[in-house]
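What follows is the residue order along each chain.
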Amino acid sequence: MSQQMKVTIVGAKATDWKADDGRHYDYVTLFALIPMDTSQGNAVGQGVAEFKWQDSRNLVQLQGRKFPFEATLELDLVSTGRSTKQVLTNVILPPKV
């Protein structure tokens, strides 16, 4: 199940390292503004959500851009059988200006 979500990206950080157990972590964390849940009456404004974009080399696509900027995230909803989570599958960036 795929969906698209427009967000304002305010920052990014690349991670590329191997843990002692041999697992390789290689991604870019995107920091994006999202609206706060105001339905309970105890929050206003915006928060920042983290999205992991596979392959730390994707950071090159973000360098030289003026932050913040809008982008479209493509997300898949996946399940372990007990819980669900969204997985970032693609980032559609605006043309560089």
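Refer to the structure above for everything that follows.
Let us look at the structure shown here. (Residues numbered from 1 in each chain as written. Predicted model: local features only at pLDDT ≥ 70, side-chain atom pairs only at ≥ 80, totals over all residues. Heavy atoms only, no water.)

Observations concerning the overall build of the protein
Within the protein one finds zero helices and five strands. Each helix (α) and strand (β) of the protein, taken in turn from the N terminus, gives the series β-β-β-β-β. Each of the three principal axes of the protein carries a C-alpha extent, and together these read 45 × 45 × 25 Å. Across the 97 residues of the protein, 29% fall into the buried class. The long-range share in the protein, meaning contacts at least 24 apart out of those at least 6 apart in sequence, stands at 47%. Taking the average place of the 11 positive charges on the side chains of the protein and the average place of its 10 negative ones, the gap between the two points comes to 3 Å. (Helix = DSSP H or I, 4+ residues; strand = E, 2+ residues; numbered from the N terminus. Buried < 20%, exposed > 50% of the residue type's maximum accessible area, 1.4 Å probe, protein only. Contact = heavy atoms within 4.5 Å. Lys, Arg positive; Asp, Glu negative; His and termini not counted. Charge placed at Lys NZ, Arg CZ, Asp CG, Glu CD.)

Quick look at unusual backbone geometry
Cis geometry is adopted by the peptide bond preceding Pro-68, which originates at Phe-67 and carries an omega value of -5 degrees. For Asp-55, which is not a glycine, the phi torsion comes out positive at approximately 85 degrees. Mapped onto the fold, Asp-55 is located in the loop between strand S3 (46-54) and strand S4 (69-79).

Some details on the environment of Met-1
Tracing the backbone shows Met-1 in the segment before strand S1 (2-18). Note: C-alpha distance between Met-1 and Asp-76 (75 residues apart in sequence) is 5.5 Å. When residues no more than four places from it in sequence are discounted, the contact partners of Met-1 are Leu-75, Asp-76 and Leu-77.

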